[in-house]
Amino acid sequence: MKENKNNFIQIANTYYNFGLERANINDFTNATKYLKKALRYNKYHINARNLLGLIFYEIGEIGDAYVQWIISTGFLSDENKNPAFKYLKESEKEKEKLNELHDSLTKFNQALQEAQIGREDLAMQHLYKVVSVNKNYVKAYLLLALLQVKNELYQKAGNTLVKLLRIDKYNDRALYLFDIVKSKTGKKELENSINEKVFSLRQMKTDDVILPKEVVKLSTNQIIMSVIGGFIIGIIFITSVINPSSKGSDYTSVKKEAIKFAEKVDEQNKTILELTKENTSINESLKDASQKLKAFEEKDANFTTQYTTLNNIINYYDAGRISDAAELYVNLDKEAVVDDTLIELLNRCKSYIEGLGAPKICELGTQNWNGGKVDKAEQCYLLAIQINPAEPEYMFLLGRLYQRNGRTEEGNALFDKIIGEYPASTYATRAKQARGY
């Protein structure tokens, strides 16, 4: 159990590093995906949660940013070690700005409603006001660009998408819409514009993310109380700071406001999906994206198993359990390992196991055979052949192993191969004897 927990922590750290790397180049879309996965494996990962909050803030998702920071303060309540306190205090100083951002959220909801009932001109007017106040609100830019493309306002859509990609320059939906705009206008000025403007942006700096030196270990009771406390603080913060008019309301009112807020967010996501499906070409893109996402999730399902196996190979090797390490290595479906991080581990395992050399692996096979471990012996011989397929000794030993265990046809096939391909070898003579020639 402890080993699995450590594995999950390492996986979370790996995804966090990926997220930090993408955030540093303003790839907030993919950074968000990686950080959410990091929190899936370790919800107490303070650095990942705080960085996710910073990214939400950067793309105009102010409410989501506060939620992440508030949960973070619930998990790590030491202000000196958790920069989330600093982020919250600094944001509280700008209550007037927060009120404006709250108003922009209201206008965004109005724009969604207008778009749903077909009043797209009015929806775009609302969205122009939203992005004039919340200049980093990626969702607003994306919806505005979608409506502009739908209404064949390609030049305006191009300008909107340039602004969006200056914030989140690898946003897949925005890039897809941008390709549509370029194909419809037939101009390369837009592409030159994005190359000039996007790639000269300020990147997130190290100072933007203050990494605590140590994470405080909490007891079970402290964790439970922290989660409950963080949840209550989050509701109060959202309703009192983001929506000041709700001050003084009782618990029932606060709860209703929190539910309403969650429903609005859910409504936004559903509406954007519905609007996107109205455009045939965009719908095809979403279908393709869905398939890619499904493939990614299926690949992720194997991530933990592959990571654990590779990690065990290294641990066994370091502990001198070469036979066990070789067994895991042989049984591992190496072609299925496609994740960049796992490929690095696989190459490390390969250098360990294959670096021993085929003779050493073959010797391990014979030791296992003499010890009655026939299955492990077979795996070692197979690995030896895999490392050096032109050595008849390994094929002969494997053939004899098969022969001794009643797998006569498999053994004879190996003997015939030795006789036919290596007739000058001493093992060719022994293979003939084994065959009864």
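Our subject is the structure listed above.
Keep in mind the model is a prediction, meaning the values are calculated, not measured.

Caption draft 1: Geometry of the state of the cysteines. Enumeration according to the criterion identifies zero disulfides in this entry. Note on Cys 362: no disulfide assigned, nearest cysteine sulfur contributed by Cys 380 at a separation of 8.9 Å. Looking at Cys 362, the relative accessible area reads 4%, which means it is buried.

Caption draft 2: Main features of the pattern of salt bridges. Here the structure, examined in full by the defined rule, presents seven salt bridges. Residue Glu 79 is joined to Lys 89 by a salt bridge in which the shortest nitrogen-to-oxygen separation is 2.8 Å. Here the residue Glu 79 occupies a position in the loop between helix 4 (62-75) and helix 5 (84-92), and Lys 89 occupies one in helix 5, the gap between them amounting to ten residues. Residue classification places Glu 79 among the partly exposed residues on the basis of a relative accessible area of 45%. For Lys 89, a relative accessible area of 45% translates into the label partly exposed. Through salt bridges with shared partners, a single ionic network connects Glu 378, Arg 407 and Glu 410.

Caption draft 3: Local environment of the environment of Arg 22. Tracing the chain through its elements places Arg 22 in helix 1 (residues 2-24). For Arg 22, a relative accessible area of 21% corresponds to the partly exposed category. Sequence-wise, Arg 22 and Thr 32 are ten residues apart; in three dimensions their C-alpha atoms are separated by 8.8 Å. Setting aside its immediate chain neighbours within four residues, Arg 22 contacts Asp 27, Asn 30, Ala 31, Tyr 34 and Tyr 170.

Caption draft 4: Representation of unusual backbone geometry within the structure. Of note in the backbone geometry, Asn 26 takes a positive phi value of approximately 60 degrees without being a glycine. Along the chain, Asn 26 turns up in the loop between helix 1 and helix 2 (28-41). Residue Glu 152 is not a glycine yet carries a positive backbone phi of 60 degrees. In this fold, Glu 152 is placed in the loop between helix 8 (138-150) and helix 9 (154-167). Classification of Glu 152 as exposed rests on a relative accessible area of 58%.

Caption draft 5: Structural context of the packing of aromatic side chains. Applying the stated rule across the entire model yields 13 aromatic pairs. Ring centres of Phe 8 and Tyr 41 lie 5.8 Å apart, and the angle between their planes is 35 degrees; on these two criteria the pair is classed as tilted. A residue pair is termed long-range when its members are at least 10 positions apart, and Phe 8 in helix 1 and Tyr 41 in helix 2 qualify at 33 residues. In this structure Phe 8 comes out as partly exposed when scored by relative accessible area, which is 33%. Relative accessible area serves as the criterion here: at 17%, Tyr 41 is assigned to the buried category. Note on Tyr 317 and Tyr 352: the rings are 4.4 Å apart at their centroids and 15 degrees apart in plane angle, and the pair reads as stacked. Of the two residues, Tyr 317 is situated in helix 14 (residues 280-318) and Tyr 352 in helix 16 (residues 340-355); the sequence distance between them amounts to 35 residues. Each residue in the set Phe 8, Tyr 15, Phe 18, Tyr 34 and Tyr 41 is aromatic and connected to the rest through ring pairs, giving one cluster. In this structure, Arg 22 is placed above the aromatic ring of Tyr 170, and the distance from its NZ or CZ to the ring centre is 5.4 Å. If you follow Lys 334 out to its NZ or CZ, it ends over the ring of Tyr 329, 4.3 Å from the centre.

Caption draft 6: The nonpolar core, seen in detail. Membership of the largest hydrophobic core comes to 102 residues, with the highest contact counts inside it found for Trp 69, Phe 108, Leu 127, Leu 177, Leu 310, Ile 353 and Ile 361. The element best represented in this core is helix 8, accounting for ten residues. In this view, Leu 127 contacts Phe 108, Ala 111, Ala 140, Leu 143, Leu 144 and Leu 147; residues no more than four positions away in its chain are not counted.

Caption draft 7: Examining helix 3 (residues 46-58) more closely. Its 13 residues place the ends of helix 3 18 Å apart at the C-alpha level, agreeing with the 18 Å of an ideal helix rising 1.5 Å per residue. The element helix 3 is largely enclosed, with a buried count of eleven among its 13 residues. Those residues of helix 3 not exposed but buried are Ile 46, Asn 47, Ala 48, Arg 49, Asn 50, Leu 51, Leu 52, Gly 53, Leu 54, Ile 55 and Phe 56. Positive backbone phi, approximately 90 degrees, marks Gly 60, located one or two places after helix 3.

Caption draft 8: Helix 17 (residues 358-370), seen in detail. In a regular helix each residue adds 1.5 Å, so 13 residues correspond to 18 Å; helix 17 covers 18 Å between its end C-alpha atoms and thus fits that length. Listing the buried residues of helix 17 in full gives Ala 358, Ile 361, Cys 362, Leu 364, Gly 365 and Asn 368. The arc that holds the buried residues of helix 17, viewed along the axis, is 155 degrees, so those residues lie on one side. Across from the buried face of helix 17, at angles greater than 90 degrees, the exposed residues are Pro 359 and Asn 370. Of the surrounding elements, those touching the buried residues of helix 17 are helix 15 (322-331), helix 16, helix 18 (374-387) and helix 19 (392-404). A positive backbone phi angle near 85 degrees is found at Gly 372, which sits one or two residues after helix 17.

What counts, and at which threshold
- Residues numbered from 1 in each chain as written.
- Predicted model: local features only at pLDDT ≥ 70, side-chain atom pairs only at ≥ 80, totals over all residues.
- Heavy atoms only, no water.
- Disulfide = S-S within 2.5 Å.
- Buried < 20%, exposed > 50% of the residue type's maximum accessible area, 1.4 Å probe, protein only.
- Salt bridge = Lys/Arg side-chain N within 4 Å of Asp/Glu carboxyl O.
- Helix = DSSP H or I, 4+ residues; strand = E, 2+ residues; numbered from the N terminus.
- Contact = heavy atoms within 4.5 Å.
- Phe/Tyr/Trp six-rings, centres within 6.5 Å; stacked < 30°, edge-to-face > 60°.
- Lys NZ or Arg CZ within 6 Å of the ring centre and 35° of its normal.
- Core = buried A, V, L, I, M, F, W, Y, C linked by side-chain atoms within 4.5 Å.
- Expected span 1.5 Å × (residues − 1).
- Arc of directions from axis to C-beta.

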